[in-house]
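# Secondary and tertiary structure notes
In case you want the letters, here they are:
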Amino acid sequence: MKKSISKVLSLVLALAFVFSLAACGGANDRPSFPDFQEMADPAAAFADWSAAGDTPCASFVTTDRRFGKSQLPDVEPRTACRLTAWRGERVSAQLLVWSAQPVERLVCTAGVLTSDEGRLPESAVRTRFVRYVMSDEFACGCCKRKPQDFAAVLTADMLDERPSMALEACTVRPVWITVDVPQDAAPGLYRTPVTVACDGDEQRLELAVEVTGRTLPAPSEWRYHLDLWQHPAAVARVEGTEMWSDAHFEALRPVMKPLADAGQKVVTATLNKDPWNNQCYDAYADMIVWTKGADGAWTYDYAAFDRWVEFMEGLGVDKQINCYSMLPWNNELHYRDGSTGRFVDVTADPGTPAFEELWVPFLTDFTGHLREKGWLGRTNIAMDERSPEEMTDALDLLRKTAPELGIAMADNKNSYLSYPFVNSVCVKVCDRVPPQHIAGRRAQGFVTTYYVCCSDRFPNMFTFSDPAEAVYAGWYTAACGYDGFLRWAYNSWVGEPLTDSRFRTFPAGDTYIIYPGARSSVRFERLVEGIQDAEKISILKKEFAAKGTPEAASRLEQLETLLSGFATITPEKGWPDRLSRAKRKLNELSR
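Here is a short report on the structure shown in this document. (Residues numbered from 1 in each chain as written. Predicted model: local features only at pLDDT ≥ 70, side-chain atom pairs only at ≥ 80, totals over all residues. Heavy atoms only, no water.)

### Considerations on the overall build of the protein
Helix and strand counts for the protein stand at 11 helices and 24 strands. Relative to the compact-globule value of 25 Å for 591 residues, the protein shows a C-alpha radius of gyration of 25 Å, a close match. Counting only C-alpha atoms and orienting by the principal axes, one finds that the protein spans roughly 80 × 70 × 45 Å. A total of 591 residues make up the protein; the buried ones form 57% of that total. Considering only contacts within the protein whose residues lie at least 6 apart along the sequence, 74% involve residues at least 24 apart. Accessible surface, the protein: about 23,800 Å² in total, of which carbon and sulfur atoms supply 51%. Seen as two clouds, the 65 positive and the 79 negative side-chain charges of the protein have centres 3 Å apart. (Helix = DSSP H or I, 4+ residues; strand = E, 2+ residues; numbered from the N terminus. Rg over C-alpha atoms; globule rule 2.2 N^0.38 Å. Buried < 20%, exposed > 50% of the residue type's maximum accessible area, 1.4 Å probe, protein only. Contact = heavy atoms within 4.5 Å. Areas by Shrake-Rupley, 256 points an atom, 1.4 Å probe, with all protein chains shown as cover. Lys, Arg positive; Asp, Glu negative; His and termini not counted. Charge placed at Lys NZ, Arg CZ, Asp CG, Glu CD.)

### Considerations on the packing of helix α8 (residues 468–480) against helix α9 (residues 522–547)
In a packed pair of helices, the relevant descriptors are the angle between the two axes and the axis-to-axis distance. The N-to-C vectors of α8 and α9 enclose an angle of 25°; their axes lie 7 Å apart at closest approach. In terms of their interaxial angle, α8 and α9 are classed as roughly parallel. For α8 against α9, the interelement crossing comes out right-handed. Contacts between α8 and α9 involve Ala-468, Ala-470, Val-471, Gly-474, Trp-475 and Ala-478 from the former and Arg-523, Arg-526, Leu-527, Glu-529, Gly-530, Asp-533, Ala-534 and Ile-537 from the latter. The class makeup of the residues in the contact of α8 with α9 is eight nonpolar, two polar and four charged. (Axes fitted to C-alpha atoms, helices over the stretch in contact; angles between N-to-C directions. Parallel < 35°, antiparallel > 145°, perpendicular 65-115°, else oblique. Left-handed = near helix turned anticlockwise from the far one by under 90°. Nonpolar A, V, L, I, M, F, W, Y, C, P; charged D, E, K, R; others polar.)

### Some points on the sheet that holds strand β15 (residues 289–292)
Spatially, the four strands line up as an open sheet ordered β16-β15-β18-β19, and their pairing is mixed. Edge positions in the sheet fall to β16 (298–301) and β19 (343–347), since each has one partner strand and no second. With strand direction ignored, the average angle separating the axes of adjacent strands in the sheet is 40°. The pairing of strand β18 (residues 332–337) with β19 spans five bridges and is classified as antiparallel. Along β19, the bridge assignment pairs Leu-333 with Val-346. Here helix α5 (residues 353–373) sits on the sheet and contacts β15, β16, β18 and β19; the angle it forms with β16, its principal contact strand, is near 55°. (Pairing = 2+ DSSP bridges.)

### What to know about the pairing of strand β11 (residues 188–198)
The element β11 is extensively covered by neighbouring structure, given that eight of its 11 residues are classed as buried. Sheet analysis places β11 next to strand β12 (residues 201–215), joined by 11 bridges and oriented antiparallel. The residue of β12 that forms the bridge with Thr-195 is Arg-204. The hairpin turn running from β11 into β12, its antiparallel successor, is two residues long, and Asp-199 in that turn takes a positive phi close to 50°.

### So, the state of the cysteines
Evaluation of the coordinates by the stated rule reveals two disulfides. With a sulfur-sulfur separation of 1.8 Å, Cys-140 is cross-linked through a disulfide to Cys-143. One quick way to see it: the torsion about the S-S bond of Cys-140 and Cys-143 is about 50°, and its sign makes the bridge right-handed. Overall, the relative accessible area of 45% leaves Cys-140 in the partly exposed class. Classification of Cys-143 as buried rests on a relative accessible area of 18%. (Disulfide = S-S within 2.5 Å.)

### A few points about the environment of Asp-199
Residue position: Asp-199 is located in the loop between β11 and β12. Residues Asp-199 and Val-107, spaced 92 residues apart in sequence, show a C-alpha to C-alpha distance of 8.3 Å. Excluding residues that lie within four positions of it along the chain, Asp-199 makes contacts with Pro-102, Val-103, Glu-104 and Arg-105. In this structure the side chain of Asp-199 is engaged in a polar contact, spanning 2.8 Å, whose partner is the backbone nitrogen of Arg-105. (Polar contact = N/O pair within 3.5 Å; in protein donor to acceptor, adjacent residues only side chain to side chain.)

Written out as C-alpha cells, the structure reads:
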C-alpha cells in the first residue's frame, strides 16, 4: 500500500541529523533539513561518461537550461558570472558540479558581496542545491495519465537548502545561487568568491553583481496582479496536522511567505464544499460551514474563513479575496443538518428554485459579515470556467441579491464581453483581450489578466518546461498590456511531491510550483524574475512617457519595439536567446 507522504516525512525527520551551519554560506540561522531519495534516472542507462576527467568539475551555466542528472554536461567551463540588478531586485545564477567519481560530501559556499562602495548583508546571497523530481511530457495536455503511457524524465527543479549533499559517480548536481539586493544598497560592482568543496578539495569561482541606481519597489507595491491559487488542505495532509488547527497555520506560514514576497495580490477562499469537485489530490476543505436548523433557518460559521483571510493579510496578501464558487464544477453544495449534525449533499443548478433558496440567504448574510470585517470592498464571488448560460443565471441572482460584492471570473469561453460589470476578468492565454478593452476596463478600476493551465503548451511552468518560459510569462503580460497573471496552483501537491511531480490528469508540475518544506523551485524563481521584468517595464514606460523629451521618446519607442516580439504564444526558434538579449536591453534602457 502506498504510504502517505506525511508518514514518510515523519520517518525521514526522525532519522535526519543536524547539519553544521558552516557547511554552506548564507543565513545565520539555517535549520536542519531532512534528506530523501530521488527517483532513479531513466536516462542513466544511456549515459556516456568516457570523456570525463578524473576530478570533479564546477562551472557557471545558464539558468535557461535544465541539466540531466546522468548526462555528462557539454558546457564550456566558466569560473566567473556577472549579473545586473536594480536595488530591491532578486537575481539568480546557476552553478553546475559533475564528477565521474563519487563524492561523499559536496558543499557550496558563497561569501559576502563587497564593492568599493560597501558590502551587502551576508543574508543577501543564498546557495541551494537543485533536486531532481520525476516528470513526464505535454503529450495530450489535459487527459487521464498512467505513468507507463508517457515518457518519464528526471528533471532538475526543486531548490533544497541542505548544507551538503553526496554526489554519485557519473552524475550532475546543479546549485542555484540567489541574490536579494537590498533597496538601500549603494550602486556599484559587488564581488564574492564561491567555493565548491568536494570531500575537502576546493575550487573557487567568482560571482559579480552590478547594482544599478534604479530601485524596484517592495513586492507589496508592485502593480503586477499575481494570482497563484493556494491550497491549505494540501499543507495539512503533507505536514500531518489537523485542518485549521494552530499547528496547521504554523505549517502554512513558511509555505505562503514566499508567495507574499512574490507580490501575490489574491487570497484564494472557498464558500462551500470543494468547488472543483476534487480534481486535485486533496479536496478543498470547508472554510464556511452552512447549517440548516430544524425550523429551516440558516446559520453560517465563518471561523476558518476569517482566520485564513487574516493569516494571509498578515503576510501582506491583502488586495483581493476571491471566493469560489457559486458555480462549483458539479453544481453540488452541502450543509450540516442542525438536527442530526450530518452533512447533506444537494444539487443546485443555476436558474432553479433550489439555487435561489440556497444562495439568497447565504449571500445576504455573507455581505453583512464582510462589512463587519471591513472586507466587503475587496471580496469577489469567483467563477472558474463555467458556461455562459450558467454564468448569466448566477450573475443575475448575485447582482440582485448582493450588489456590493465584486465578481471575478476565469474565462475559457471568450465570453467576458458579455459581462462588462465583472471587475476581475482572467482569460485563457490563447484568447487575447484587445489592448483597448484592457485600457477601458483599467479606467474603471477593473483588473484584466490571463492564465495558463494543463491545455497550454507554451508558455507554461510544468516541471519539464524550459525554465525561461516562466520569465516569458512576465514579458507576455507586459507585451499584451495585461495587469497580471493567474495560475492554478501554487501548492496543490500530488501524492509524493518531493520526488514525483506527475499527476493522474495533468502534465507533471501543473498542480504546484513550490514544494513541501517551503522549498522553492527553478520555475518559481524564474516566474518572479519575469514579474520583476514586467514591473521594471511598467516603471520605465511611465517615466519615459512623462518626461516628454526626445531622448525619453526614443527610449520609449525602443522599449515598445522590444516588447512587440513577446506578444505571441508561438515564438520563433531561439526565443530564449532573444529573451536574454531583451533583458540586457531592458537594463541598458534603464540606465
